[in-house]
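Structure at a glance
Listed below, chain by chain, are the residues.
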Amino acid sequence: MEQITDIIKEFNSRDRMKVSYTVVKLDRMKDMMVEVVEKLGKLSLITSSSLLLLLEPNIRLKDDFLNRVRLNTISGSQIFSPIPFLQFHPNISEFKEIDEAVEINKNNGYFNTKDFRILSFYYADFLSLEKLGHMVSSQQLSLIQLFLRTSLTIFRATEPNLQLRSSYEDVKESDLHIAYSDDSLIGSRAQIAKILHSTGVL
């Protein structure tokens with residue numbers, strides 16, 4: 001969180017656009033992203049012309065990413081869903097500094113095209129979901145699924161300056177077995193096989 005606030009301060013100090021952030025407490029009765037936006041609206045912290053960027057807490061980003069968010073999000077026309085680079089666990093990958101951005105290569109992570117948790121859009125377009133009646137089923141659908149029901153374009157692009165740290169705090173042997181047999185958030189199959197082989201498992 002501290003890293004994100006530092007970037008916002010730097011961005012605001014040299015740019016005419018005002019960027020702010022808000023922390024809200026969630027009830028988790030529906031999709032987390034939907035609930036965040038609804039709470040911001042109820043607290044009167046945003047207007048219909050506000051551009052919203054929803055991020056994950058385990059994120060590393062550079063300030064030029066915020067410029068791309070601004071350019072790729074168009075009110076009434078397009079929302080932006082950047083594809084983040086998912087870092088492998090530092091105990092598995094070649095990069096050992098867990099709190100730093102890593103070099104983009106196959107040994108350090110991969111672009112996770114299945115990740116739709118990072119979104120930017122205008123609040124007016126969120127309000128249009130309610131006008132179209134899409135919010136009725138919001139308890140079962142994610143925010144990206146709700147937007148897919150509209151005529152809005154969802155623009156996706158790989159974003160090297162947007163990196164997600166591994167969600168694993170400690171890597172257990174059971175995690176390695178699961179990761180080796182399935183697509184992994186821990187490391188590449190070659191890296192995991194090497195570790196399992198060194199322990200005599202493979």
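Computed from a prediction, not measured in an experiment: that's the story for all the values here.

Scoring rules and cut-offs
Residues numbered from 1 in each chain as written. Predicted model: local features only at pLDDT ≥ 70, side-chain atom pairs only at ≥ 80, totals over all residues. Heavy atoms only, no water. Pairing = 2+ DSSP bridges. Helix = DSSP H or I, 4+ residues; strand = E, 2+ residues; numbered from the N terminus. Axes fitted to C-alpha atoms, helices over the stretch in contact; angles between N-to-C directions. Buried < 20%, exposed > 50% of the residue type's maximum accessible area, 1.4 Å probe, protein only. Phe/Tyr/Trp six-rings, centres within 6.5 Å; stacked < 30°, edge-to-face > 60°.

1. Quick word on the sheet that holds strand β5 (residues 109-111)
- Strand order in the open sheet formed by 4 strands is β2-β8-β4-β5, and the pairing between neighbours is mixed. The sheet is open, and its two edges are formed by β2 (59-61) and β5, each paired on a single side. Taking each pair of neighbouring strands and ignoring which way they run, the sheet shows an average axis angle of 35°.
- Here 3 bridges tie strand β4 (residues 83-87) to β5, and the two strands are oriented antiparallel to one another. Among the inter-strand pairings, F85 is bridged to a residue of β5, identified as F111.

2. With respect to the pairing of strand β6 (residues 119-122)
- Side-chain alternation along β6 places L119 and F121 on one buried face and S120 and Y122 on a second face that is also buried.
- For strand β1 (residues 51-54) and β6, the ladder comprises 4 bridges, and the chain directions are antiparallel. Bridge pairing in β6 links L52 to F121.

3. Here we look at the packing of aromatic side chains
- For the structure on display, the rule yields 6 aromatic pairs.
- Arranged with centres 5.7 Å apart and planes meeting at 25°, the rings of F80 and F155 form a pair that is stacked. Placement of the pair is F80 in strand β3 (residues 78-80) and F155 in strand β7 (residues 153-155), with a sequence separation of 75 residues.
- For F80, a relative accessible area of 1% gives the class buried.
- Judged by relative accessible area, F155 falls into the partly exposed class, the value being 31%.

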